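Coordinates in review
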Amino acid sequence: MSTPRRILIAVFGIIAGAQFAHADSPSVTAVLNSSEAALGETVQLEIRITGARGVEAPEGIFVDGLEIHRTGSSQRIEMNNLKLTSSTIYDYTVMPLKAGTFTIPPQTIRIGNNSVRTPALTLNVADSSGRSSGARPGRDTQAAGANNLVFAELIVPSKTAYVGEIVPVQIRMGFDPRVRPRLIEPPEITGQGFTAQKLQQAGENTETISGRLYEVVTYKTAIAAARAGKFEIGPVKAKAQVVIPRRQSAPRSRPRSPFDLFDQDDPFSDPFFSNPFSQVGERREVEIKSEPVALEVKPLPPNAPTSFSGAIGNFTMTTDAKPKSVQVGDPITVTNTISGRGNFDRVNAPVIEDERGWHKYPPSSKFKQDDEVGLSGTKTFEMVLSPNEKKPGLPLLAFSYFDPVKAQYVTLHSEPIPIDVQGGAAVAQNAGATQSAATIPSSATARAPVKPQDILYQLTELPTKAESFAPIYTRNVFWAAQVFPLLALIGFAGWKVRRARIDNREAQRVAGLQHEATDLMHKLHRNDVSPREYYAEASRVVRVKTALASSNRPIDPNMVDVDTAAEAFKLNSDSRDRLRRLFEQSDEWQYSGAHNGPGRVSPESRREVLELIENLK
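1. Some words on the overall build of the chain
On a plain count of helices and strands, the chain comes out with 9 helices and 31 strands. The buried share among the 617 residues of the chain stands at 36%. Here the contacts in the chain between residues at least 6 apart in sequence split such that 71% fall between residues at least 24 apart.

2. Describing the sheet that holds strand E7 (residues 100-104)
Strand order in the open sheet formed by 3 strands is E2-E10-E7, and the pairing between neighbours is mixed. A single partner strand is all that each edge strand has here, and the edge strands are strand E2 (36-38) and E7. The mean angle between the axes of side-by-side strands here comes to 30 degrees, regardless of whether they run parallel or antiparallel. Where E7 and strand E10 (residues 121-126) come together, 5 bridges link them in antiparallel fashion. In the sheet register, Thr101 faces E10, and the bridge partner there is Asn124.

3. Focus on the sheet that holds strand E21 (residues 293-298)
Taken in spatial order, the 3 strands of this open sheet run E12-E21-E18, and their pairing is mixed. Strands with a single pairing partner mark the edges of an open sheet, and in this sheet they are strand E12 (160-162) and strand E18 (229-233). When strand polarity is set aside, the average angle formed by the axes of neighbouring strands in this sheet is 35 degrees.

4. A few points about empty space enclosed by the protein
Under the counting rule described, the total for this entry stands at 2 cavities of 30 Å³ or more. Counted as a void, the largest cavity has a volume near 50 Å³. Along its surface, the largest cavity is lined by Thr319, Val334, Leu385, Leu394, Pro395, Leu396, Leu397, Ser414, Glu415 and Ile417. Tallied by class, residues from the lining of the largest cavity come to 7 nonpolar, 2 polar and 1 charged.

5. What to know about the confidence of the model for the chain
Segments scoring low in pLDDT should not have their predicted coordinates read at a detailed level. Summary statistics for the chain give a mean pLDDT of 77 and a share of 76% for residues scoring 70 or more. Low confidence marks residues 18-23, where pLDDT is under 50. Its contacts with residues over four positions away, or in another chain, come to 7 contacts. This stretch, residues 425-448, has a pLDDT under 50; its non-local contacts, to residues over four places away or in other chains, come to 0 contacts.

6. Let's talk about the nonpolar core
It is characteristic of soluble globular proteins that their nonpolar side chains tend to be buried jointly. Counting 30 residues, the largest nonpolar core has Leu154, Ile171, Met173, Ile189, Ile223, Ile233 and Ile288 as its most contacted members. When residues of this core are traced back to their parent elements, those giving at least two are strand E11 (150-155), strand E13 (166-175), strand E17 (212-225), E18, strand E19 (236-246), strand E20 (280-289) and E21. Residues in contact with Ile233, not counting those within four places in the same chain, are Leu154, Ile189, Thr190, Phe194, Ile223, Pro292, Val293 and Leu295.

7. Some details on helix H7 (residues 562-569)
When we look at burial in H7, the residues that qualify are Val562, Ala565, Ala566 and Phe569. For H7, the buried positions fall inside an angular range of 100 degrees around the axis, keeping them on one side. Positioned one or two residues after H7, Lys570 has a phi angle of 55 degrees, which is positive.

8. Structural notes on the packing of aromatic side chains
Taken as a whole and judged by the stated rule, the model has 11 aromatic pairs. A centroid spacing of 5.3 Å and a plane angle of 70 degrees characterise the contact between Phe151 and Tyr214, whose relative ring orientation is edge-to-face. Of this pair, Phe151 sits in strand E11 while Tyr214 sits in strand E17, and the two are 63 residues apart along the sequence. For the residue pair Phe151 and Tyr214, the accessibility class agrees, reading buried in each case. Considering the side-chain rings of Phe344 and Phe367, the 4.7 Å spacing of their centres and the 35 degrees angle between planes classify their relative orientation as tilted. Of this pair, Phe344 sits in the loop between strand E24 (332-342) and strand E25 (351-352) while Phe367 sits in strand E27 (residues 364-369), placing them 23 residues apart in sequence. Here a set of aromatic residues connected by ring pairs shows up, and it is made of Phe315, Phe344, Phe367, Phe399 and Tyr401.

9. Quick word on unusual backbone geometry
Gly234 connects to Pro235 through a cis peptide bond whose omega is 10 degrees. With an omega dihedral of -10 degrees, the bond running from Lys322 to Pro323 counts as a cis peptide bond. Topologically, Pro323 is positioned in the loop between strand E22 (308-322) and strand E23 (325-327). Phi at Arg180 is positive, roughly 45 degrees, even though this residue is not glycine. Position of Arg180 among the secondary structure elements: in the loop between E13 and strand E14 (182-189). Backbone geometry at Asn303 places phi at a positive 60 degrees, although glycine is not the residue there. With respect to the helices and strands, Asn303 occurs in the loop between E21 and E22.

10. Section: the side chain of His359
Counting through the fold element by element, His359 comes out in strand E26 (residues 358-360). Among the polar contacts listed, one links the side chain of His359 to the side chain of Asp561, at a separation of 3.3 Å. Ignoring anything within four residues of it in the chain, the contact list for His359 reads Val384, Leu385, Ser386, Asn388 and Asp561.

The rules behind each value
Residues numbered from 1 in each chain as written. Predicted model: local features only at pLDDT ≥ 70, side-chain atom pairs only at ≥ 80, totals over all residues. Heavy atoms only, no water. Helix = DSSP H or I, 4+ residues; strand = E, 2+ residues; numbered from the N terminus. Buried < 20%, exposed > 50% of the residue type's maximum accessible area, 1.4 Å probe, protein only. Contact = heavy atoms within 4.5 Å. Pairing = 2+ DSSP bridges. Axes fitted to C-alpha atoms, helices over the stretch in contact; angles between N-to-C directions. 1 Å grid on protein atoms, 1.4 Å probe; cavity = no way out; pocket = protein on both sides within 12 Å on 5 of 7 lines; lining within 4 Å. Points joined across faces, edges and corners; volume = space filled by probe spheres on them. Nonpolar A, V, L, I, M, F, W, Y, C, P; charged D, E, K, R; others polar. pLDDT = per-residue confidence, 0-100. Core = buried A, V, L, I, M, F, W, Y, C linked by side-chain atoms within 4.5 Å. Arc of directions from axis to C-beta. Phe/Tyr/Trp six-rings, centres within 6.5 Å; stacked < 30°, edge-to-face > 60°. Polar contact = N/O pair within 3.5 Å; in protein donor to acceptor, adjacent residues only side chain to side chain.

Take a look at the structure:
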């Protein structure tokens, strides 16, 4: 191995070791692939430990009515923004022994001198007579037919759901390996009244069904109903190419189904499968189709809390703030973490219950999913608050969601976080000190005695030292005295050059802002932009025009808020309220994570926004 390559490997090893050494504190999550099952149907449990290595999870978990055994483990290392994260995944199989609702208790996992606990999980088990219509429809019976060389199966673990609730869906595609299948169109769930997430392939395995061997490919996704009513989910459709036998001398008097081979009832008895060289095989395209699944969608109860944004599931919330000691007007970063299982696309930032004395900025968010389709995970919001006066603590934050199991709204509140806000007294003290210092010179001058003018005497004696009559410019003292005005001249010239550059940059900045405002106004007259782009451009125009109107004190457009714009244009209360609604709509479309609603901005709303912006003069 060459020396540069060895150095590169060593450097990478040092970086990786440093990343692991400074990794975040260990965390653990536990997820069921389905919260509902039927007797005889297994459910998969996954425990994921992140940020720790060499940790052992329990071999089995004891729950009365369930058999839970560990089936395997795996390691996963991910790199995100040059940060390495190591995770250990333990897989368990859960077999229901009786019907009912079961709680899998939290499991304690020790990591060194510390310990972490998994969350409690709930599993609803129905008996075989009351099982969900979307559960596996007796695969053994269905596969017993003679022509089942391929099959498709749609599994929806619940017969009922609420509007907007995320329902996990599983698709199984089975192929007889002897037909050498090739999927040319991936499976697709048909139907109306619901939205489906992108399919994720969850695994491949070999199963024996009614004595026959199948290669089964499993896909996972999730659906959410857009309105209440009764729907049919599916069927699932896909297209594949399979190889079927065809004798070269066999006459073909009529077309046949690809699986009605040689007019026989059982294609597995055809000699092609026992001796594929005895005849010629041909590829044919076949359509694979599953049975549809019935789903009843119920509306959400009325009287939702004001902090409810459409989140449905089961969540927990934690809140932290840094720093906790600030001056009046300083920013405080508030971090809210929402964890759990549900429709995270409708999870918005918690709302402030009392905003008096606070200035807030739009929050940012990031989501980390814990499964293939994003049903469970953690969504983190960062919101910047700035106190306008002395406060003993942060305002309380509220987050509401609908629990479909309890069929009721739940509101989570943040814990009180004390903070120390200083300011006001220190400013007055400094002002008093300055005033006192300013009075000292005048009083000292008043007390200083006035020196009397000296008496001038007539020179009657010659000096003991003869004075020279050489020109003054030949003396060193003269040239030394010229240094100071020369330095002053150079400094003045430099100041003028710097001032000219500053004026030039300011002129360029103003010209750039004017060009940007003109371009944005042209864009606002278009009709082909989404609401998110339209309100973002409208709020940006207000910020740019405010920066242009405040030429006496340059303002960064990104720092302009409603109050700054209203003060710059001397807006009345009605215009101020309309401007505030414009900024709130822009923040909602930009940061809420919700993309429901009309696809276009109504003409009335567009006219109202243009009228407001054009009157800002």
